[in-house]
Every structure is written in C-alpha cells, then in structure tokens.
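Coordinate analysis (summary)
So you can see what is in the structure, the chains are spelled out below.
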Amino acid sequence: MSTKIIFDVFISDPISVDKKIYRSWLDGYSEKETLAILRDDYVNKNNNQQITPIYRSQLLEETEDQYRNFSLLQKALEHPKTLSSHSMFQMDPSSRTLLIEGFYDFKDTLLRELIGRKLTSGQRRDLDDLSEKLKLRLSSCERQFDNLKRISRVVFADLKTSALEIIMNEFSLSRELSKKYVKLLFLCFHRIDLSKKKIQFLNTFDLMRLSEIVMSQWGDPLVAYTLELDTKLKEDVRDLKTYLGSQKDISEKYWRLIKSRYQTVSISPRIIPVPITPTNTPTIMNLQQQLQQQPLQQQQPSQQIQQTQQQNTSTNTGSTSLNNSTSNTPALNSTMNTSSSFIPIMYQQQQQSSQQQQQQQSNTSTNTNNTPNITSTVNSGLIPITATMNSILTQEKLKSLELKFRSILKGILVIGSNLSDSKEFRNLFEDIVEKVIEPLKRMDMVMDEVNPFFYFLIELFSPEQLGIHSLRHRDRVVHNWKSFLEGIRRVVIYLYPSFLN
C-alpha cells in the first residue's frame, strides 16, 4: 500500500529580530562587517575586554541566522500585508512592526536627491553615483528607491482616495511614517523642481513641511492628504487674475484698502481676527494648546484676551464657558498635529510696559459686552489676536510697498494661474522666492512686517469694495482666494528667515 504525501508540516519558534543586525542588513553591510561591529560593541561595553572564541562563534552563528531570515523575508516585506499570514515565519506583532518600519525607513539625504523627480529605471541605474556621493551602500539606496517607487505606483493609481489611508492599509505602515511618504509623494507627483540654486538649501524636513502646507491649503477640502489640487480653487484663482492683474483700477483699490488699514492700526491697537480656512479650523481646546506653545512674544496677546475674559467673567456669572468639544472636519487631524506655525498667529511688536499696564487697566474697566467672544469668533472662522501694531511700517517702507504692491500682487496671481499648468507648477517654490520673498526682502521688511502684510491682503479682499461685480460663485471665489493667499503666506513665513541671513 503506497503512501501519498499531500503536504509537509514543520514547527518552529517565532523568529527573533536583533535590532543591530537588522540595521546593518538594511544599511547594506555584509555579515563579516556586521560581526566586526558587534565585536567592537562588546569590547567597548566590557572595558576593552577581548571577546572569547566561544562568544565569537555564537555571534557569528546568530548573525548568519539573522541574515538568512532577512533575505527570506525580503519578498514579504515588499508586500507587508502578506507578512501577517506568512506561512514560513511566525512572529509577534512588535517584531512584525519593527521589520516593516525598518524596511520602509529612509535616509533624508538620499530622499532629498530623489523627490521631485520621475522614478524611472534609468534613475535607478544612476544610484551608483548617489551612493558614492552620500557614502551609502548601493543595496541600501536601491531598497529605498524601490520602496518609494512601489508606494507611488499604488498611490498614484487611486488619486480620489486619501493617500494616507492607502499607504497605511496597503503597506501596514504607522501613521507617522505614512504621512512622511505622502508629503514626499506630493512633490514627486507634481515633479516639483528642487534643483534650482535658490532653493537647494532646503533639506528633506523643510520640503515635507512645505508640502504639507500646500496640501492642507490647496488640496481637496473633503479628503485629507490628497495629492491633487482642488479643481475649484485652481479655477477661481485663475479667473481672479483677469480682474486683479489686468485692471489697474482694481489693484489700486486693493492697495488703498491695505494702506488705510496700515494707517488705522498704527494709531490704535485693536483685536484682530486672523482668518483661517475650514481645512485647518482648530477646536477651542487645540487652539489653547497651540497658543501655550507659542514663544513669549507671540503668547502675550492671547494672554491679554484670557485675562480680559477672566476679569469680565467675575462680574458676570451668566457668561458662557468654552466648549471643549472636538471637530469632525476631515482634514483637521492632518494639520493640527503639525507645528504651531500652521495656525496663522500674527508676529507682533510688543508694547512698552507702561502701555501694557494702561491696556490692562482699560480691559478691567471694560463692560462685558466689549469682551471678545472667543467661542463665536472661532465658529465664524476667525482667531481673535490682540495686535498692538503701533508703527508696524515706517513711512518710507509704506511708500516703498505702495510702489511695489502691484508687481507683488501680479507675481502672486501668476503663481495662482500656474496651479492650472502642471509644467509651470513645478517651479512653485522658486516662483514664491523670486516673485514674493525677494521683493519684500529688497524693501528690508522683517518678519514682524511681512506677516501683517499678508493678513491685510487676506482680510481686506472684498469683491464689492474692489468693484468686481461679475463674479460667479462669489462666496466660493472669496474663500478660495483667501485659502490660496494663506498657503502663500505660510510658505513665505517658513522660508523668509533663511533669506534674511
């Protein structure tokens, strides 16, 4: 009687992952090189005590075993969803996470050279030069290149779905690492040109920050972390170029409104509501946390508001308390978890101590009806910031800004119209430097002066006051123009200090 073998069965313990050996394998070191690293670590930790032959043999066996496992796992790591059901290797969730996160981790210096380019097989062949330039092993460079290309193929195939959700679901990456890939892929998708001299100083971290600013302000408002720009925003900003760019009387009215505001705030300080867009509307709780993280110079205005509220609340027991509920806005988490610079807080000049005392005394005697209502203001899309903007621009700078305003506005409008032209959009950051930052720098404007300029540019845009009466979808156009300007403002504020040095 013959026996028929249907399948084989084997039993093994869950594999263990040595972090140091895994790191060496990922970095492209050979088994011999890894063994030397482990031996040196042992000697350093044991007061230069030499390693025994027995322990050396154990290290060699462990290294060879780990390398064998990693080589067998590589195919599964390229498709991480299959790793949980891998029939050959059983592992606990923490080891699985360690393997996946390590495999898809990347070197910032290498990704700086790759992002913004088309990921082709020809570019992969050029990794030899990058490997030598960056002093990285070729196998490590190839792994990181292949990972970026593999993820991009999956994400680019479904642009209607959140890229963040795709990466987390398809590649089992953590939310934090997935967000990094989304920001990098945004630059790759639009092939943003990062080779120009004026922006070569930007490192990978800078580019990820700038990428998130653009996505949060100009991306699809209904889908967080989408790679495509909002179609309606592109259309509206392009259409506005016809009015603001070609009709001189409209741009002159725009400037007169801004100049009037400069002259007004230079006379008397006031509560300034800073506009924010629905994609980054903070909850009251998050707003308070963000304000607490601001430097002292930025924090004082918000403290004045809180002091005023506390003083007025003591005289009116019926005052409404702040609501700490959270928002369900889809894109909220993508922006509020980032640096506090994503909230458009004004960089204001401080008052002299005597002026502060007078203001506090005035606030104490103010009727409760004059107290800024933070709850209602946030719900209306504005953040109240006490701005003491005495002499925020000298007469000389104001005159200089008046002469340059039309050209700066025209430059901003050109950037806006380029959103609809994929070839021109590639030069986004260089255009912002040349058309906005450099003209402001030539006027010797400092950070405390640049931010208010953009605030006025955003706040004072009104089709009625500018004499624009033929706009279709007026409210949508106004919202998209202000959202576009807010994106420009954030990029400028992030880059501006680098051009002051």
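Structure: see above.
Below: a short report on this structure. Everything numeric here is computed off the predicted structure, so don't read it as measured data.

1. Concerning the overall build of the protein
- When you go through the protein residue by residue, the secondary structure sums to 24 helices and two strands.
- Taking all 501 residues of the protein together, 48% fall into the buried category.
- For the protein, the computed accessible surface area is about 25500 Å², with 48% contributed by carbon and sulfur atoms.

2. What to know about helix α3 (residues 53–77)
- Taking 1.5 Å per residue as the helical rise, α3 with its 25 residues ought to reach 36 Å, and the 35 Å between its terminal C-alpha atoms agrees with that figure.
- Residue Ser71 marks the point of greatest curvature in α3, where the axis turns by about 30 degrees.
- Taken as a whole, α3 has its buried residues at Leu59, Thr63, Gln66, Tyr67, Asn69, Phe70, Leu73, Ala76 and Leu77.

3. Things to note about the side chain of Lys397
- Here Lys397 shows up in helix α19 (residues 395–417).
- Classification of Lys397 as buried rests on a relative accessible area of 18%.
- Setting aside its immediate chain neighbours within four residues, Lys397 contacts Met443, Asp444, Met445 and Glu449.

4. Quick word on helix α21 (residues 428–442)
- In this model α21 runs 20 Å from its N-terminal to its C-terminal C-alpha over 15 residues, within 8% of the 21 Å that 1.5 Å per residue would give.
- The largest bend in α21 is about 30 degrees, located at Glu434.
- Here α21 has its buried residues at Leu428, Phe429, Glu430, Asp431, Ile432, Val433, Val436, Ile437, Pro439 and Leu440.
- Phi for Asp444, located one or two positions after α21, is positive at around 60 degrees.

5. Side note on unusual backbone geometry
- The backbone phi angle of Arg191 is positive, close to 50 degrees, even though this residue is not glycine.
- With respect to the secondary-structure elements, Arg191 resides in the loop between α10 (175–189) and α11 (204–218).
- The partly exposed category is assigned to Arg191, whose relative accessible area is 35%.
- Of note in the backbone geometry, His473 takes a positive phi value of approximately 55 degrees without being a glycine.

6. Structural notes on the nonpolar core
- Membership of the largest hydrophobic core comes to 122 residues, with the highest contact counts inside it found for Leu244, Tyr254 and Trp481.
- Broken down by element, the residue count for this core peaks at 12 residues, all from helix α24 (residues 474–500).
- Ignoring anything within four residues of it in the chain, the contact list for Trp481 reads Val237, Leu240, Leu244, Tyr254, Leu409, Ile412, Leu413 and Phe461.

7. Considering the packing of aromatic side chains
- Applying the stated rule across the entire model yields 19 aromatic pairs.
- Between Tyr254 and Phe405, the aromatic rings sit 5.9 Å apart at their centres with planes inclined by 85 degrees, giving edge-to-face as the arrangement. Here Tyr254 is found in helix α13 (residues 248–265), whereas its partner Phe405 is found in helix α19, with 151 residues between them in sequence.
- What makes Tyr254 buried here is its relative accessible area of 0%.
- Taking the relative accessible area as the measure of exposure, Phe405 reaches 2% and is therefore buried.
- Taking NZ or CZ as reference, Arg143 lies 5.9 Å from the ring centre of Phe103, over its face.

8. Comments concerning the packing of α11 against α24
- Following both chains from N to C, one finds α11 and α24 inclined at 165 degrees, their axes separated by 8 Å at the closest point. In terms of axis orientation, α11 runs roughly antiparallel to α24. Here α11 and α24 pass one another in a crossing that is right-handed. Touching Phe205, Asp206, Arg209, Leu210, Ile213, Ser216, Gln217 and Trp218 of α11 are Ser483, Phe484, Glu486, Gly487, Ile488, Arg490, Val491, Tyr494 and Leu495, all from α24.
- For the contact of α11 with α24, the per-class residue count stands at nine nonpolar, four polar and four charged.

9. Some remarks on the pattern of salt bridges
- The full count for this structure, using the stated rule, is 24 salt bridges.
- For Glu33, the salt bridge goes to Arg137, with nearest N and O atoms at 3.0 Å. Of this pair, Glu33 sits in helix α2 (residues 31–45) while Arg137 sits in the loop between α7 (127–134) and α8 (138–156), and the two are 104 residues apart along the sequence.
- The class for Arg137 is partly exposed, based on a relative accessible area of 31%.
- The partner of Glu438 in a salt bridge is Lys198, and the shortest N-O contact between them spans 3.3 Å. Of the two residues, Glu438 sits in helix α21 while Lys198 sits in the loop between α10 and α11, which places them 240 residues apart along the sequence.
- Residues joined by salt bridges that share partners form a network here, namely Glu113, Arg117 and Lys133.

10. Thoughts on the environment of Ser483
- Summarising the element assignment, Ser483 is placed in helix α24.
- Residue class for Ser483 comes out buried when judged on its relative accessible area of 4%.
- Sequence-wise, Ser483 and Leu233 are 250 residues apart; in three dimensions their C-alpha atoms are separated by 8.5 Å.

11. Some words on a negative patch on the surface
- On the surface, Asp126, Asp128, Asp129 and Glu132 cluster together to form a negatively charged patch.
- Along the chain, the position of Asp129 falls in helix α7.

12. A short note on a positive patch on the surface
- Together, Lys241, Lys248, Arg406 and Lys410 give the surface a local cluster of positive charge.
- Inspection of the secondary structure assignment puts Lys248 in helix α13.

13. Brief notes about the packing of α13 against helix α22 (residues 447–459)
- At a minimum axis separation of 10 Å, α13 and α22 run at an interaxial angle of 125 degrees. One way to sum up the angle between α13 and α22 is to call them oblique. Like other packed secondary-structure pairs, α13 and α22 cross with a definite hand, here right-handed. The residues of α22 that touch α13, namely those facing Tyr254, Ile258, Arg261, Tyr262 and Val265, are Glu449, Pro452, Phe453, Tyr455, Phe456, Leu457 and Glu459.

Each value, and the rule that gives it
The numbering scheme is per chain: residues are counted from 1 as the chain's sequence reads. Confidence filtering applies because this is a predicted model: local features only for residues at pLDDT of at least 70, side-chain atom pairs given and counted only at 80 or more, and all residues used for totals across whole chains, interfaces and linings. Note that the side-chain values use all heavy atoms of the structure and ignore hydrogens as well as water. Helix numbers and strand numbers start at the N terminus; a helix is a DSSP run of H or I with at least 4 residues, a strand a run of E with at least 2. Each residue is assigned to one of three classes by its accessible area relative to the maximum for its type, calculated with a 1.4 Å probe on protein chains only: buried under 20%, partly exposed between the two thresholds, exposed over 50%. For accessible areas, the Shrake-Rupley method is used with a probe of radius 1.4 Å. Any residue's cover is judged against the shown protein chains and nothing else. To estimate how far a helix should extend, the number of its residues minus one is multiplied by 1.5 Å. Think of it this way: the bend at a residue is just the angle between two axes, each fitted to seven residues, one set ending at that residue and the other starting at it. In what follows, residue pairs with any heavy atoms lying within 4.5 Å of each other are defined as contacts. We define the nonpolar core as a collection of buried residues of types Ala, Val, Leu, Ile, Met, Phe, Trp, Tyr and Cys that are connected through side-chain atoms lying within 4.5 Å of one another. Two rings belonging to Phe, Tyr or Trp (six-membered ring only in the last case) form a pair when the distance between their centres is within 6.5 Å. Interplanar angles under 30 degrees mark stacking, angles over 60 mark edge-to-face geometry, and anything in between is tilted. Distance and angle both matter: a charge sits over a ring if NZ of Lys or CZ of Arg is within 6 Å of the ring centre and within 35 degrees of the ring normal. Note on geometry: axes are C-alpha line fits, over the in-contact stretch for helices, and angles between N-to-C directions span 0 to 180 degrees. Angle categories are assigned with fixed cut-offs, so that under 35 degrees is roughly parallel, over 145 is roughly antiparallel, 65 to 115 is roughly perpendicular, and the rest are oblique. Two helices cross in a left-handed way if the nearer one is turned anticlockwise from the farther one by less than a right angle. They cross in a right-handed way if the turn is clockwise. Three classes are used, and their members are as follows: Ala, Val, Leu, Ile, Met, Phe, Trp, Tyr, Cys and Pro are nonpolar, Asp, Glu, Lys and Arg are charged, and the others, Gly among them, are polar. Salt bridge, as applied in this entry: a Lys or Arg side-chain nitrogen positioned within 4 Å of an Asp or Glu carboxyl oxygen. Each patch is built from salt-bridge-free residues with over 30% relative accessible area, joining like charges within 9 Å and nonpolar side chains (Val, Leu, Ile, Met, Phe, Trp, Tyr) within 5 Å. For this count, His and the chain ends are skipped, Lys and Arg are scored as positive, and Asp and Glu as negative. Charged groups are reduced to one reference atom each: NZ for lysine, CZ for arginine, CG for aspartic acid, CD for glutamic acid.

Any link to function would need more than the numbers given here.
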